[in-house]
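# Breakdown of the fold
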Amino acid sequence: MTLDLQLVLLAWGTLVGLDLVSGPQMMIARPLVAGTVAGAILGDVWTGLQLAVLFELFQYDILPVGAVRYPEYGPATVAAVSAAHAAAGTLGLGLGAFVGLITGMAGGMSLHVVRRLNARAVQRSGPALEAGDPRVLERLHAGGILRDGARAAVVTALGLGLGQLARAYLVGGLPPHGVALLNVAAVGAALAAGTAGTLRLVGRGATLRWFAAGVVGGTIVAWLR
Amino acid sequence: MSDTTRARPPLGRTLLRLFTVQGSWDYERMQGVGMGVAEEPLLRDLRRGGNGTAYHSAVARGAHFFNAHPYLCGLAVGATARAEHEGLPPEQVERLRTALCGPLGSLGDRLVWAGWLPLTSGLALVGVALGLGLPAILGFLCVYNVGHVALRWWALRAGWRYGARVAVALREPLLQRATAISGPAMALAVGAALPLVARFLSGDFHGPWRVAFAAVTAAGFGLLWWRRQALTGLRLGLVMLALAALAGWLWP
């Protein structure tokens, strides 16, 4: 993969990371979008779509309410697609999931660090804020967005680097059945996470019946195709 | 309405700022600083006649603690800015902000995070699994954001229109209906998507690998359900991948 492509992926991952919290929250941070566009950038939409769907299932495990801490799957999916594309072939899905999950965990931790840094900046500007100085307010806000942008860039770069490392050490190191096991584990875990997360959201009662109707309908369509 | 209220408030500028309302999110004021930045254009009229004190006090109050759903923050921004223009006592403005946190957070979580977002994403998953590819993703982005931007704009305008009586806006029939419908619609869409994406992702698994896939999924789901307080999807995924890599490496 050329340096140009890596830089474009880095820029895309940064935008995706910014969209998660800082704004505009138009859902390019959703794995479905982040992964597909990363695939398109690499000229490998199929790999992009597969990992986008896989991480979208992991995303269903998260309900971003209040101040809850959660993994960040946007830049993670970009890194996953990059790793899977470079290790073309069947190793792609399992390797991509491995790189993406670690990057997602790092992304979640980095959000916590940025929020603490923001809190410190607010404390330092306490008197000016209480005096109602709009310039201080805007400077604080811009500082927060810049910090989040830097955070997203670092997380994406970490993921892309991890992809290079994993490729170097894992490709060729696993026999074919090992590769198949890795893929089965990745897809199985994603589907389990997606189902459990959705059921937590659905709860009991009438909504559960709608969910069951959807599962039956989806199963029939999947069987007929 | 006081004579300091302009006929056409700068709602467009405030809306643009609201798109970054969480840009400076922190553990103390949460969305407070972002809310203050978004509200500031609506408060500029308070400086008329050289009365800077009212303006600066209102800006300071605008940046105090706030936490709600980001798409509905506009309702609080509009309502408190209007209340400042109407000359409500500072304590009453603070109470209004505090009172709005819970309802706006709860409504937004049900309507967007647990409704509109998984509904549109579930439909996109169905589209991808049925072979639509990129158009399904583009469709998701367009449809989701039509609802997203419309909700932000409605919230800001409703807040500014109703001011301290903003609770009236939260009882609008359309909003109530959307909240009631979004849960079942989301459940139906995601329910339909799950078997379809299972087939989409497992297309390369044949024979015993399909059985292994079903067993891994069932075991993973069982673990996540049984240990739902401690185990997350991310942890489960990492553990399963580590076990699979180890088993694959040891397998002769």
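Numbers given to residues run from 1 along each chain, matching the order in which its sequence is written. Lettering of chains starts at A and numbering of ligands starts at 1, both following the order in which they are written. Selection of residues for local features in this predicted model requires a pLDDT of at least 70, selection of side-chain atom pairs for listing and counting requires 80 or more, and totals for whole chains, interfaces and linings are taken over all residues. In computing side-chain values, all of the structure's heavy atoms are included and hydrogens and water are not.

## So, the interface of chain A and chain B
Which entries qualify depends on this criterion: Between two residues, a contact is recorded if the distance between any of their heavy atoms is within 4.5 Å. Note on terms: buried area is the combined drop in 1.4 Å-probe accessible area of two parts once they are placed together, counting the loss on both. The rule for a salt bridge is simple: a side-chain nitrogen of Lys or Arg has to be within 4 Å of a carboxyl oxygen of Asp or Glu.
Every contact between the two is made by 95 residues of chain A and, on the other side, 90 residues of chain B. Together chain A and chain B conceal approximately 7900 Å² of surface at their shared face, both sides included; 75% is due to carbon and sulfur atoms. When the area that chain A buries against chain B is broken down by residue, the three leading residues are Leu 137, His 141 and Val 184 of chain A, summing to 8%. Here Arg 17 of chain B makes a salt bridge to Glu 138 of chain A, at a shortest N to O gap of 3.4 Å.

## Details of the layout of surface pockets
Keep this limit in mind: With a 1 Å grid laid over protein atoms only, a set of points is called a cavity when a 1.4 Å probe fits there but cannot get out and a pocket when it is open yet has protein on both sides within 12 Å along at least five of seven lines; lining residues have an atom within 4 Å of a point. Grid points are joined across faces, edges and corners, and a volume is the space filled by probe spheres set on the points. The helix count covers DSSP runs of H or I at least four residues long, the strand count covers runs of E at least two residues long, and both are numbered beginning at the N terminus. Domain delimitation in this document rests on an assignment produced automatically or drawn from a domain database.
In this structure, the largest pocket occupies an estimated 1200 Å³ of space. Every residue lining the largest pocket is counted, 46 residues in all, and those nearest its centre are Ile 62, Leu 63, Val 68, Arg 69 and Tyr 70 of chain A. Elements supplying a minimum of two residues to the lining of the largest pocket: helix H1 (3-20), helix H5 (91-124) and helix H8 (176-202) of chain A together with helix H5 (90-129) and helix H10 (233-250) of chain B. Taken domain by domain, the makeup of the lining of the largest pocket includes at least three residues from each of domain 1 (3-186) and domain 2 (206-250) of chain B.

## Structural notes on a positive patch on the surface
Applied cut-off: Nonpolar side chains (Val, Leu, Ile, Met, Phe, Trp, Tyr) within 5 Å and like charges within 9 Å form the patches, drawn only from residues with over 30% relative accessible area and no salt bridge. With residues, only the protein chains shown are counted as cover, and all accessible areas are computed by Shrake-Rupley using a 1.4 Å probe. Only four residue types enter the charge count: Lys and Arg as positive, Asp and Glu as negative, with His and the chain ends excluded. Working definition for charges: the position is that of NZ of Lys, CZ of Arg, CG of Asp or CD of Glu.
Taken together, the side chains of Arg 69, Arg 116, Arg 120 and Arg 124 of chain A define a basic patch exposed on the protein surface. Inspection of the secondary structure puts Arg 69 of chain A in the loop between helix H3 (45-59) and helix H4 (73-86).

## With respect to the packing of helix H2 (residues 31-41) of chain A against helix H6 (residues 134-162) of chain B
This is how it is decided: Between N-to-C directions, angles span 0 to 180 degrees; the directions come from axes that are lines fitted to C-alpha atoms, helices contributing only their stretch in contact. Roughly parallel here means an angle under 35 degrees, roughly antiparallel means over 145, roughly perpendicular means 65 to 115, and every remaining angle is called oblique. In this scheme the crossing of two helices becomes right-handed for a clockwise turn of the near helix relative to the far one and left-handed for an anticlockwise turn of less than a right angle.
One can describe the packing of H2 of chain A onto H6 of chain B by two numbers: an axis separation of 10 Å at closest approach and a directional angle of 135 degrees. Considered as vectors, H2 of chain A and H6 of chain B are oriented oblique to each other. When the axes of H2 of chain A and H6 of chain B are compared, the crossing they make is left-handed. Contacts between H2 of chain A and H6 of chain B involve Leu 32, Val 33 and Thr 36 of chain A on the former and, on the latter, Leu 134, Ile 137, Phe 140 and Leu 141 of chain B.

## Remarks on H1 of chain A
Owing to its 3.6 residues per turn, the α-helix brings residues three or four apart onto one side. Our working rule: Take the residue count of a helix, subtract one, and multiply by 1.5 Å to get its expected span. We call a residue buried when its accessible area falls under 20% of the maximum for its residue type, exposed when it is over 50%, and partly exposed in between, using a 1.4 Å probe and counting protein chains only.
Relative to the 26 Å expected for 18 residues at 1.5 Å per residue, H1 of chain A spans 26 Å between its end C-alpha atoms, a close match to the ideal helical length. By the burial criterion, the buried members of H1 of chain A are Gln 6, Leu 9, Trp 12, Gly 13, Thr 14, Val 16, Gly 17, Leu 18 and Asp 19 of chain A.

## Re the domain arrangement of chain B
Domain boundaries assigned for chain B yield domain 1 (3-186) and domain 2 (206-250). One C-alpha centre belongs to domain 1 of chain B, the other to domain 2 of chain B; they are set 40 Å apart.

## Side note on the packing of aromatic side chains
The test is simple: Within 6.5 Å between ring centres, the rings of Phe, Tyr and Trp (the latter by its six-membered ring) count as paired, and their orientation is classed by plane angle as stacked under 30 degrees, edge-to-face over 60, tilted in between.
Taken as a whole, this structure holds ten aromatic pairs over all chains when the rule is applied. Taking the centre distance of 5.8 Å and the plane angle of 40 degrees together, the rings of Phe 55 of chain A and Phe 58 of chain A count as tilted. Of this pair, Phe 55 of chain A and Phe 58 of chain A both sit in helix H3, three residues apart, roughly one helical turn. Across this residue pair, the class does not change: Phe 55 of chain A and Phe 58 of chain A are buried. Ring centres 5.9 Å apart and planes at 20 degrees place the aromatic pair Phe 221 of chain B and Trp 225 of chain B in the stacked group.

## Some points on the environment of Val 78 of chain A
Residue and element names in this part refer to chain A. Inspection of the secondary structure puts Val 78 in helix H4. Owing to a relative accessible area of 0%, Val 78 belongs among the buried residues under this scheme. In this structure the C-alpha to C-alpha distance between Val 78 and Trp 12, which are 66 residues apart in sequence, comes to 8.0 Å.

## A short note on the side chain of Thr 198 of chain A
Within the secondary structure, Thr 198 of chain A sits in helix H8. In contact with Thr 198 of chain A, other than residues within four places in its own chain, are Tyr 60 and Phe 211 of chain A together with Val 190 of chain B.

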